[in-house]
Amino acid sequence: MHKDIPRATAKRLPIYHRYLRFLHNAGKKRISSTELSDAVKVDSATIRRDFSYFGALGKRGYGYDVDYLLDFFSKTLNQDRLTSVALVGVGHLGNALLNYNFRKNNNVRIGAGFDINPDIVGTIQSGVPVYHLDDLEEQIQQQAIEIVILTVPQASASEIVDRLVNSGIKGILNFTPLRYDVPKHVRVQNVDLTNELQTLIYFIDSNMDDGDDLESEFN
Ligand code: ATP
């Protein structure tokens with residue numbers, strides 16, 4: 001990934017990528033920035049600026065070459081490589097995420113679950129083996145796990161985050177409401193579903209137009 005692209009741009013890449021994959025599958029060869037803008041709901045100036053961080057990818061009067069862009073974004077997003085992901089906390093939310101087929105869009109595989117509940121440790125949930133939390137470090141090593149989805153209750157979360165950091169994890173997708181201080185080489189992406197829902201309710205209740213709410217996905 002290019003180092004100096006803005007965070008907001010980086011967050012839009014999967015959106016572009018998903019739509020380009022769709023176009024590719026539909027046999028479409030090129031797309032204008034206006035069409036792309038309508039489809040992904042990002043204004044065309046922003047799209048042009050985003051793309052400019054990767055060099056001049058569009059041609060005036062031609063638009064964008066779908067296959068070229070798809071190939072480019074796939075590489076940028078490391079789609080050619082299988083990323084090994086684990087999930088800690090196989091409760092309701094954890095199970096839902098295990099069931100969610102990330103591979104439809106990304107080369108992501110959840111290869112292991114971790115929990116402390118004796119009823120599920122040692123079982124296979126949604127096709128994924130569940131290990132005891134005691135085996136966390138060993139399995140991270142053995143399976144070369146790079147990313148962990150964290151869906152444990154918040155009381156046990158910070159201790160687990162410390163262990164993940166010490167075991168060389170590169171990224172944490174954090175579904176707990178807590179925010180963690182981690183070293184620079186570890187990236188934490190926070191997903192606060194309650195917050196998102198409450199924000200939506202707030203916008204609806206205060207009758208604001210939805211011009212702003214796209215932002216929440218991109219910030
Ligand atoms: P949620 O919908 O948030 O997953 P839940 O009711 O399924 O809620 P929680 O109490 O939030 O359950 O716990 C989520 C999962 O995390 C459970 O499967 C629980 O056994 C597991 N868990 C709790 N503490 C730990 C821990 N220290 N390490 C690993 N897993 C844990």
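Residues numbered from 1 in each chain as written. Predicted model: local features only at pLDDT ≥ 70, side-chain atom pairs only at ≥ 80, totals over all residues. Heavy atoms only, no water.

A.B. asks: Describe the pairing of strand 8 (residues 171-174), listing the residues and the values that go with them.
C.D. replies: Where strand 7 (residues 147-150) and strand 8 come together, four bridges link them in parallel fashion. Counted as the bridge partner of Leu150 is Asn174 from strand 8. With four bridges joining them, strand 8 and strand 9 (residues 187-190) adopt parallel strand pairing. By the bridge assignment, Gly171 is partnered in strand 9 with Arg187. (Pairing = 2+ DSSP bridges. Helix = DSSP H or I, 4+ residues; strand = E, 2+ residues; numbered from the N terminus.)

A.B. asks: Describe the UniProt feature "binding site: NAD(+)" (unreviewed entry) in the chain, naming the residues involved and giving the relevant values.
C.D. replies: Under the present numbering, the feature "binding site: NAD(+)" (unreviewed entry) in UniProt falls on Gly89, Val90, Gly91, His92, Leu93 and Gly94. Within the fold, Gly89 resides in the loop between strand 3 (83-88) and helix 5 (92-99). Leave out the neighbours within four places in its chain, and Gly89 touches Gly94, Phe114, Asp115, Thr151 and Val152. Gly91 sits in the partly exposed class, given a relative accessible area of 36%. (UniProt positions renumbered as here; feature names shortened; annotations may be inferred. Contact = heavy atoms within 4.5 Å. Buried < 20%, exposed > 50% of the residue type's maximum accessible area, 1.4 Å probe, protein only.)

A.B. asks: Outline the environment of Leu23, listing residues and values.
C.D. replies: Note that Leu23 resides in helix 1 (residues 7-25). Leu23 sits in the buried class, given a relative accessible area of 3%. For the pair Leu23 and Asp67, spaced 44 residues apart in sequence, the C-alpha separation works out to 9.0 Å. Residues contacting Leu23, with those up to four places away along its chain left out, are Lys28, Ile31 and Val66.

A.B. asks: Go over helix 5 with me, naming the residues and quoting the values.
C.D. replies: For helix 5, the set of buried residues is Gly94, Asn95, Leu97 and Leu98. Buried residues along helix 5 cover an arc of 160° about the axis, so they all sit on one side. Turned more than 90 degrees away from the buried face of helix 5, the exposed residues are His92 and Asn99. Elements in contact with the buried residues of helix 5: strand 3, strand 4 (108-115), strand 5 (124-125), strand 6 (128-132) and strand 7. (Arc of directions from axis to C-beta.)

A.B. asks: I'd love a proper account of the sheet that holds strand 7, names of residues and values included.
C.D. replies: Paired through their backbone hydrogen bonds, the strands of a sheet run either parallel or antiparallel. Spatial ordering of the open sheet is given by 5-6-4-3-7-8-9, a layout of seven strands whose pairing is mixed. Edge positions in the sheet fall to strand 5 and strand 9, since each of these pairs with one other strand and no more. Strand contacts of helix 5: strand 3, strand 4, strand 5, strand 6 and strand 7, with the helix running at about 155° to strand 3, the strand carrying the most contacts. Set on the sheet, helix 7 (residues 154-166) makes contact with strand 3, strand 7 and strand 8; between it and strand 7 the angle comes to about 175°. (Axes fitted to C-alpha atoms, helices over the stretch in contact; angles between N-to-C directions.)

A.B. asks: Tell me about the packing of helix 1 against helix 3 (residues 44-52), and name the residues and values.
C.D. replies: The geometry of helix 1 relative to helix 3 is characterised by a closest axis approach of 11 Å and an angle of 105° between their N-to-C directions. By the criterion of interaxial angle, the relationship of helix 1 to helix 3 is roughly perpendicular. Each of Thr9, Arg12 and Tyr16 in helix 1 lies in contact with helix 3, whose residues at this interface are Thr46, Ile47, Arg49, Asp50 and Phe51. A class-by-class count of the residues in the contact of helix 1 with helix 3 yields three nonpolar, two polar and three charged. (Parallel < 35°, antiparallel > 145°, perpendicular 65-115°, else oblique. Nonpolar A, V, L, I, M, F, W, Y, C, P; charged D, E, K, R; others polar.)

A.B. asks: Talk me through the environment of Asp162; I want residue IDs and the actual numbers.
C.D. replies: Take Asp162: it is sitting in helix 7. For Asp162, a relative accessible area of 48% corresponds to the partly exposed category. Considered as a pair, Asp162 and Val182 are 20 residues apart in the sequence and their alpha carbons are 8.2 Å apart.

A.B. asks: Can you lay out the site of the ligand for me, pointing to particular residues and giving the numbers?
C.D. replies: The environment of the ligand is made up of 14 residues, and the closest members are Gly91, His92, Leu93, Asp115 and Ser156. Between the ligand and the protein, one listed contact pairs an oxygen atom with a backbone N or O atom of Val90 at 3.4 Å. At a separation of 3.2 Å, an oxygen atom of the ligand approaches a polar backbone atom of Leu93. Relative to its unbound accessible area of 610 Å², the ligand is 67% covered by the protein chains. Mapped by element, the contributors of at least two residues to the shell around the ligand are helix 5 and helix 7. When grouped by side-chain class, the residues that make up the shell around the ligand number seven nonpolar, six polar and one charged. (Near = heavy atom within 4 Å. Polar contact = N/O pair within 3.5 Å; in protein donor to acceptor, adjacent residues only side chain to side chain. Areas by Shrake-Rupley, 256 points an atom, 1.4 Å probe, with all protein chains shown as cover.)

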